[in-house]
Structure formats: structure tokens, C-alpha cells
Amino acid sequence: MKIAILGGTGSIGEGFALRWAEKHEISLCSREVGKAKTAADEYRETLLSKGMVCCGITGCTNEVGIKDVDVVVLSVPYQGVVELLKTLRPHFKDQIVISLVVPMKKNRWFEYTPPKQGSAALEIRDILPKSVKVVSAYHNISAKKLANPALVLDYDVVICGDDEDAKKVVMELTRDIKNLRPLDGGDLGCSSMIESLTPFLINLAIRNGLSDLGVKFI
Ligand SMILES: NC(=O)c1ccc[n+]([C@@H]2O[C@H](COP(=O)([O-])OP(=O)(O)OC[C@H]3O[C@@H](n4cnc5c(N)ncnc54)[C@H](OP(=O)(O)O)[C@@H]3O)[C@@H](O)[C@H]2O)c1
């Protein structure tokens with residue numbers, strides 16, 4: 001599968017590139033092509049130095065990356081994603097777009113700050129062409145843990161979306177990351193519930209002296 005990771009130069013984008021490059025072709029995307037190429041070289045080196053397979057990680061701009069891929073991962077902060085997607089809109093066709101975007105701010109504690117649509121995923125769906133299938137997932141996965149390919153992630157990933165086939169694809173991609181268990185969280189309207197868990201988990205970690213908490217339903 002061909003996967004473009006927008007903002008792939010950042011914290012959680014690195015983890016997805018390292019985890020999926022063993023099986024998939026990755027377009028590592030940035031607003032700056034030089035930054036993308038440097039990060040792609042670095043991630044490829046990391047995999048090879050660990051003796052892991054790398055199907056390919058290519059650095060490119062966000063615009064170039066989304067053309068001719070099956071899946072686009074929005075690994076960009078909420079504060080930048082709306083403007084970015086408005087600019088990129090003409091380049092989208094019928095890709096699956098994965099939103100892991102969490103709108104939140106820090107006052108005394110972290111707070112979920114959804115847009116008027118109710119969640120980041122619904123706002124993103126409104127911006128993109130109707131032919132694009134938006135799926136919401138990975139909001140509660142720690143970037144630090146994801147970026148260590150040797151680490152087994154014994155967590156659940158709740159996946160929300162309106163297109164059942166697109167959701168199945170994201171479930172398969174989730175199974176490609178060792179021990180992650182995909183769970184069907186319902187339609188895209190349910191995304192707010194899982195997005196809002198992220199600031200809750202961060203506050204829980206701070207209050208209890210923990211770090212990088214994830215979710216497992218038992
Ligand atoms: N970090 C986590 O543990 C975690 C966990 C779950 C979900 N998430 C979600 O994943 C997304 C990415 O998080 P992150 O921690 O990886 O973010 P990040 O490291 O702060 O940023 C990721 C990348 O986004 C691009 N970017 C930054 N500001 C931008 C702007 N205004 N417009 C366009 N692109 C911009 C940058 O790439 P270029 O400069 O190369 O363009 C940057 O490297 C967020 O929506 C977050 O809510 C994060």
C-alpha cells in the first residue's frame with residue numbers, strides 16, 4: 001500500500017513511518033522538501049541499522065505526497081491542519097484520510113477544544129472532497145512508544161468512520177503494528193469521544209506521575 005504521512009517530520013509521524021515502512025511504501029511529507037528528505041534518510045538509516053526491512057521511505061512536499069497514494073495520514077497539529085487541507089484540497093481524489101488530530105489546549109490542565117462541527121474529524125471531512133473517506137484513529141497512541149519499533153504496543157485503537165471498507169483498511173494497517181488491536185468505534189460522529197480521551201490521558205499521567213499512557217479495554 002502507498003501511504004503519505006503529512007507532517008511526517010514530527011513526533012508521531014516518525015513512528016508511523018518506522019512501523020509501516022517494513023510492509024508499505026511511505027511518502028514522508030513536509031511543507032519543506034529538504035526537511036522531508038532529511039527525515040526520510042534518517043528514518044531509513046534507523047531501520048537498516050536495526051536490521052529491519054524498509055520497502056521505501058521517500059521525502060517530498062505535502063502536495064506531491066498525496067498524489068497517487070491509497071492512504072493519507074494527517075500527522076499535523078490541529079492549529080495547522082485546517083489551513084493545510086484547504087490548500088491541499090485540489091490534490092485530493094478518493095484517498096482514505098486518517099485523522100489522529102486532537103484539538104486541545106492547556107490551561108491549568110489539558111482541555112479538549114472541539115470545533116463547532118463537534119470533532120476534528122468532522123471538520124476535516126467538511127473541508128475535503130466528498131469522494132475522500134475520512135477515518136479517525138490513533139489519538140491515544142504515544143508518539144514516543146510508536147517511534148521505538150522494537151517496542152510491542154499492547155493497546156487498543158478505536159477506529160471511527162462512515163465508510164466500512166475504509167475502516168477495514170485502517171484496521172489492517174493497525175494490525176501491521178505488533179499487538180495493536182483495532183476496535184470499531186462507530187461512525188465518524190463518534191470521533192469526539194475518542195479524541196477527548198487524549199487530554200484526559202495526559203492529565204491522568206501528570207497527576208499520577210506516569211507517562212505515555214494508552215488505552216486497553218478488558
Ligand atoms: N504526539 C503524540 O503523542 C500524539 C498522539 C496521538 C495523536 N497526536 C496527534 O497527531 C498530530 C501530530 O502530532 P505531533 O506531536 O507529531 O505534532 P508535531 O510534532 O508538533 O508536528 C508534526 C508536523 O506537523 C507539521 N506542522 C506543524 N505546524 C504546522 C502548521 N501550522 N501547518 C502545517 N504543518 C504543520 C510539521 O511538519 P513540517 O514543518 O515538516 O511541515 C511538524 O513536523 C496532532 O494532531 C496530534 O493531536 C499526537
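Look up a bit, the structure's there.
Residues numbered from 1 in each chain as written. Predicted model: local features only at pLDDT ≥ 70, side-chain atom pairs only at ≥ 80, totals over all residues.

Engineer: So what about the overall build of the chain? Which residues, and what values?
Structural biologist: The number of helices and strands found in the chain is nine helices and ten strands. Its C-alpha radius of gyration of 16 Å places the chain within 12% of the 17 Å reference for a compact globule of 218 residues. Projecting the C-alpha coordinates of the chain onto the three principal axes gives extents of approximately 40 × 40 × 35 Å. Expressed as a percentage of the 218 residues in the chain, the buried residues total 42%. Contacts in the chain between residues far apart in sequence, at least 24 positions, make up 72% of those at least 6 positions apart. (Helix = DSSP H or I, 4+ residues; strand = E, 2+ residues; numbered from the N terminus. Rg over C-alpha atoms; globule rule 2.2 N^0.38 Å. Buried ≥ 20, exposed ≤ 12 C-beta atoms within 10 Å, placed from the backbone. Contact = placed C-beta atoms within 7 Å.)

Engineer: Break down the sheet that holds strand S3 (residues 57-61) for me, with residues and values.
Structural biologist: With mixed pairing, the eight strands of this open sheet are ordered in space as S3-S2-S1-S4-S5-S8-S9-S10. Of all the strands in the sheet, just S3 and strand S10 (181-186) have a single pairing partner and so form its edges. For this sheet, the mean inter-axis angle between neighbouring strands, taken without regard to orientation, is 25°. In terms of strand pairing, strand S5 (residues 96-99) meets strand S8 (residues 133-136) through four bridges, oriented parallel. Residue pairing for S8: Ser99 is matched across the bridge by Ser136. Helix H7 (residues 164-175) contacts strand S4 (71-74), S5, S8, strand S9 (156-161) and S10 of the sheet and is inclined by roughly 165° relative to S9. (Pairing = 2+ DSSP bridges. Axes fitted to C-alpha atoms, helices over the stretch in contact; angles between N-to-C directions.)

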